2 protein chains.
Amino acid sequence: MNVMTIAVDTMGGDLGPSAAVEGVFRAAKRYPYLRLMMVGPEDILAEEMRKHEKNAGISILHAPEVIDPSETPTTAIREKKESSIVKGLRAVKNGDAQGFVSAGSTGALLTGATVIIGRRPGIERPALGTLLPTHTNPKDSRRGFVLLMDCGANMDCKPSYLTQFGELGAEYMKKTMGIENPRVGLINVGTEEEKGNAAAKEAYALMKEAGYNFVGNIEGREIPSGTVDVAICDGFTGNILLKFTEGFAKAMMGMIKEELMSATLSKIGALMATGAFKKLKTRFDYREVGGAPFLGLKSIVIKAHGSSDALAFMNAIRQCVEFNETEETAWNSKK
Amino acid sequence: MNVMTIAVDTMGGDLGPSAAVEGVFRAAKRYPYLRLMMVGPEDILAEEMRKHEKNAGISILHAPEVIDPSETPTTAIREKKESSIVKGLRAVKNGDAQGFVSAGSTGALLTGATVIIGRRPGIERPALGTLLPTHTNPKDSRRGFVLLMDCGANMDCKPSYLTQFGELGAEYMKKTMGIENPRVGLINVGTEEEKGNAAAKEAYALMKEAGYNFVGNIEGREIPSGTVDVAICDGFTGNILLKFTEGFAKAMMGMIKEELMSATLSKIGALMATGAFKKLKTRFDYREVGGAPFLGLKSIVIKAHGSSDALAFMNAIRQCVEFNETEETAWNSKK
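The text that follows walks through the structure, step by step, so that each part is easy to find. (Residues numbered from 1 in each chain as written. Chains lettered and ligands numbered in written order. Predicted model: local features only at pLDDT ≥ 70, side-chain atom pairs only at ≥ 80, totals over all residues. Heavy atoms only, no water.)

## Some thoughts on the overall build of chain A
Counting secondary structure elements, chain A contains twelve helices and eleven strands. Since a compact globule built from 335 residues should have a radius of gyration of about 20 Å, the 21 Å found for chain A is in line with a globular shape. Principal axes of the C-alpha set define a box for chain A whose edges measure 55 × 55 × 45 Å. For chain A, buried positions account for 58% of its 335 residues. Element-wise, carbon and sulfur atoms account for 51% of the exposed surface of chain A, whose accessible area totals about 14100 Å². On chain A, the mean spot of the 41 positive side-chain charges and the mean spot of the 40 negative ones are 3 Å from each other. (Helix = DSSP H or I, 4+ residues; strand = E, 2+ residues; numbered from the N terminus. Rg over C-alpha atoms; globule rule 2.2 N^0.38 Å. Buried < 20%, exposed > 50% of the residue type's maximum accessible area, 1.4 Å probe, protein only. Areas by Shrake-Rupley, 256 points an atom, 1.4 Å probe, with all protein chains shown as cover. Lys, Arg positive; Asp, Glu negative; His and termini not counted. Charge placed at Lys NZ, Arg CZ, Asp CG, Glu CD.)

What follows is the structure in structure tokens.
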């Protein structure tokens, strides 16, 4: 492709359209060769655009309706044809855009993307990935992220789905993180081939033959240890793990705070360590990573966090760009 | 029962029989009315006993064989009739003991306990629970633990198994933690009844009618937040979650350390906060909690951590005692 266009749903986020629009303008500045299509109500977007410097690469796709997260995904996609999610996905389907970013209803986005954009040949089910920070040996130069997938698109998974998720995840980590031969692991209860539930046992056999760099089963403790670049599981387990990460990190920080505050000496220590704690928080900050890639479709779709700000939107757009980049366009976009 | 006897496998732990024997002697001191049966090679145990003050409540059950974790559980249980696990479980089966503690092979212990002691009437599958520390509002007086189960005994679970796990978990938390009406939650991808994989959806309907305090679905982030006393899932998900906890806590502590060490000011802060970090570690210390209860059998079995020391063994014995206590014996043991 010569010109890459990314469509951005400006309506789904908790912070309203201004955060999405600001993210679009920041992305346009960073990637001058990129075209950006803002999807949402024309009047609101025209108003928002006036706050920014004119940019010829940014256009508006009028979408007067919004899908609320409380709506049933299938019904919403079928009935709200003028919603920002449906119109954005249609733009991708028609070839007017090569990627879509939305902070709106996860269910509607996944259902809509599967129905409207459609699956890539050979992929039975698209899956949602999430980048989790890992902690490797500081002397280790590997990038500190693991792609956990599926994070909730598919509850009950056939072994063949899991196998395909590995292929999709490896491709994503190669394209967006520059990892040459991404290591793919199957999340399981033990490292031996015969371990696990019925789906995992069968998936192991298939993944061995899949042609990517399958390193075998990994146990839960290895997910954050940097042992693999892609960690595969069904969407039920993945979603629980992902949300557990959030709750557990919060609980741990709460416990640390409590312990630090219980003695005067460590209270002073805590104050002195405040900067370090703040830095740690950015390592878990979804805004820095962007959104969750929805992979296995004919084009890339990024589910941005509900409370995405301009930085998060910009990084979600960056994910689409990097995923679509060829060597030639990569050179252009980095000029 | 008038006299309670707990059998203790002295051979399975990484620290050798001396840790288990010391734990037994400490438990005997704490519960003077308790009888303790040490299971292992007679000569080794007689030698170990000589290091401690004589105690009439402690006996030896000779078991010359040991099951190695690398052995196939079913084969090991069938063939090693003189192993400490098989002999200890037989003592429980025969009524010579009312509980069993082992730090040996998890697989052999679970298989052996199910085959030898047998399931409790109405329970299709026993399950392994683990106590995880929770972080509640400091003003909240509730105990800071959640029982996660199943943690790995059953890979593929029928909805009826999950329902029964709720009953077993609630009973355990009531008996050992003194929680009057334990709140039982089903771990799922959303709080709505229709969420989840096929097993979870069906289990929800059954758990609503189960007669215990079922509070509905909980998401991953609520597991460590103290929302429930018992968190139910299949053994595949539970085992992955449990091991993830370990890896994630380690990764987080590593990241905190790295951030603290990156600036002089916070380096001083880190030194001052060292005591607090040490205290935090004890909140995640399995030795304080004891072992993982294997519930749903005719008697209680505690899987102690592989690297259990004397304190951990003592606490695993305490779990058996508390589980078996009636109001009368509780009074006796606390005299």
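## Observations regarding the interface of chain B and chain A
Each side of the interface is counted separately: chain B has 55 residues, and chain A has 55 residues. The junction of chain B with chain A conceals about 5200 Å² of combined surface from both sides, 73% of it contributed by carbon and sulfur atoms. On the surface where chain B and chain A come into contact, there are four salt bridges. Between B:Glu219 and A:Lys243 there is a salt bridge, and its shortest N-O distance comes to 2.3 Å. Where chain B meets chain A, there are ten residue pairs in polar contact (both at pLDDT 80 or more). Of all the secondary-structure elements, those providing two or more residues to the side of chain B that touches chain A are helix H7 (198-208), helix H8 (235-261) and helix H9 (264-283) of chain B. A breakdown of the residues in the side of chain B that touches chain A according to their chemical character gives 29 nonpolar, 16 polar and ten charged. (Contact = heavy atoms within 4.5 Å. Buried area = accessible area lost by both parts, 1.4 Å probe. Salt bridge = Lys/Arg side-chain N within 4 Å of Asp/Glu carboxyl O. Polar contact = N/O pair within 3.5 Å; in protein donor to acceptor, adjacent residues only side chain to side chain. Nonpolar A, V, L, I, M, F, W, Y, C, P; charged D, E, K, R; others polar.)

## Some words on the relation of the copies chain B and chain A
The operation relating chain B to chain A is a screw motion whose rotation component is 180°, with 0.0 Å of axial translation and a residual RMSD of 0.0 Å. Seen this way, the second copy is the image of the first under a two-fold rotation axis. In terms of proximity to the rotation axis, the leading residue of chain B is B:Gly269, whose C-alpha is 1.9 Å off the axis. The share of interface residues of chain B whose copies in chain A are also at the interface is 100%, consistent with both copies meeting through the same surface. (Least-squares fit on C-alpha atoms with pLDDT ≥ 70 in both.)

## Quick look at the pairing of strand E8 (residues 214-218) of chain A
Residues and elements named next belong to chain A. The buried fraction of E8 amounts to four of the five residues, a majority that puts the element mostly inside the structure. Two strands pair when backbone bridges link them, and strand E7 (residues 184-187) and E8 are joined in this way by four bridges, in the parallel orientation. In the sheet register, Leu186 faces E8, and the bridge partner there is Asn217. After leaving E7, the chain enters helix H7 (residues 198-208) and then returns to the sheet as E8, a path that is right-handed. (Pairing = 2+ DSSP bridges. Right-handed = clockwise from strand over helix to strand, strands pointing away.)

## Points about the sheet that holds strand E7 (residues 184-187) of chain B
Residue and element names in this part refer to chain B. Here eleven strands make up an open sheet; going across it, the order is E3-E2-E1-E4-E11-E10-E5-E6-E9-E7-E8 and the pairing mixed. Only two strands of the sheet have a single neighbouring strand rather than two, namely strand E3 (58-62) and strand E8 (214-218). Looking at each pair of strands side by side, their axes are set apart by 25° on average, direction ignored. Here strand E5 (residues 127-133) runs beside strand E6 (residues 145-149); their pairing, made up of five bridges, is antiparallel. Its bridge partner lying in E6, Leu132 is registered against Val146. Running at roughly 165° to strand E4 (residues 99-102), helix H4 (residues 84-93) makes contact with strand E1 (5-9), strand E2 (35-40), E3, E4 and strand E11 (300-303) of the sheet. (Axes fitted to C-alpha atoms, helices over the stretch in contact; angles between N-to-C directions.)

## Notes on the nonpolar core
In this structure, A:Leu36, A:Val101, B:Leu36 and B:Val101 are the most contacted members of the largest nonpolar core, which totals 215 residues. Not counting residues up to four positions away in its chain, the partners in contact with B:Val101 are B:Ile6, B:Ala7, B:Val8, B:Asp9, B:Ile302, B:Ala304, B:Phe313, B:Ala316, B:Ile317 and B:Cys320. (Core = buried A, V, L, I, M, F, W, Y, C linked by side-chain atoms within 4.5 Å.)

## As for the pairing of E2(B)
Residue and element names in this part refer to chain B. A large share of E2 lies buried, amounting to five of its six residues. With five bridges joining them, E1 and E2 adopt parallel strand pairing. Along E2, the bridge assignment pairs Ala7 with Met37. Regarding topology, helix H1 (residues 17-30) serves as the crossover connection from E1 to the parallel E2, and that connection is right-handed. Relative to E3, E2 runs parallel, the two being bridged by five bridges. Residue pairing across strands places Gly40 opposite His62, the latter belonging to E3. At this point the chain moves from E2, through helix H2 (residues 42-49), to the parallel E3, and the crossover so formed is right-handed.

## Focus: the sheet that holds strand E1 (residues 4-9) of chain A
Two orientations exist for strands paired in a sheet by backbone hydrogen bonds: parallel and antiparallel. Residue and element names in this part refer to chain A. Pairing in this open sheet of eleven strands is mixed, and the strands run E3-E2-E1-E4-E11-E10-E5-E6-E9-E7-E8 from one edge to the other. What marks the edges here is a single partner per strand, and that holds for strand E3 (58-62) and E8. Sheet twist, expressed as the mean angle between neighbouring strand axes with direction ignored, is 25°.

## Here we look at the packing of aromatic side chains
In the structure shown here, the tally under the stated rule is eight aromatic pairs over all chains. With 5.9 Å between their ring centres and 50° between their planes, A:Phe248 and B:Phe248 make a pair best called tilted. Placement of A:Phe248 in helix H8 (residues 235-261) and of B:Phe248 in helix H8 is noted, with the two residues assigned to different chains. Residue A:Phe248 is classed as buried on the basis of its relative accessible area of 3%. One aromatic cluster is present, built from ring pairs that chain together A:Phe244, A:Phe248, B:Phe244 and B:Phe248. For A:Lys175, the ring lying beneath its charged end belongs to A:Phe323, and the centroid distance is 4.4 Å. (Phe/Tyr/Trp six-rings, centres within 6.5 Å; stacked < 30°, edge-to-face > 60°. Lys NZ or Arg CZ within 6 Å of the ring centre and 35° of its normal.)

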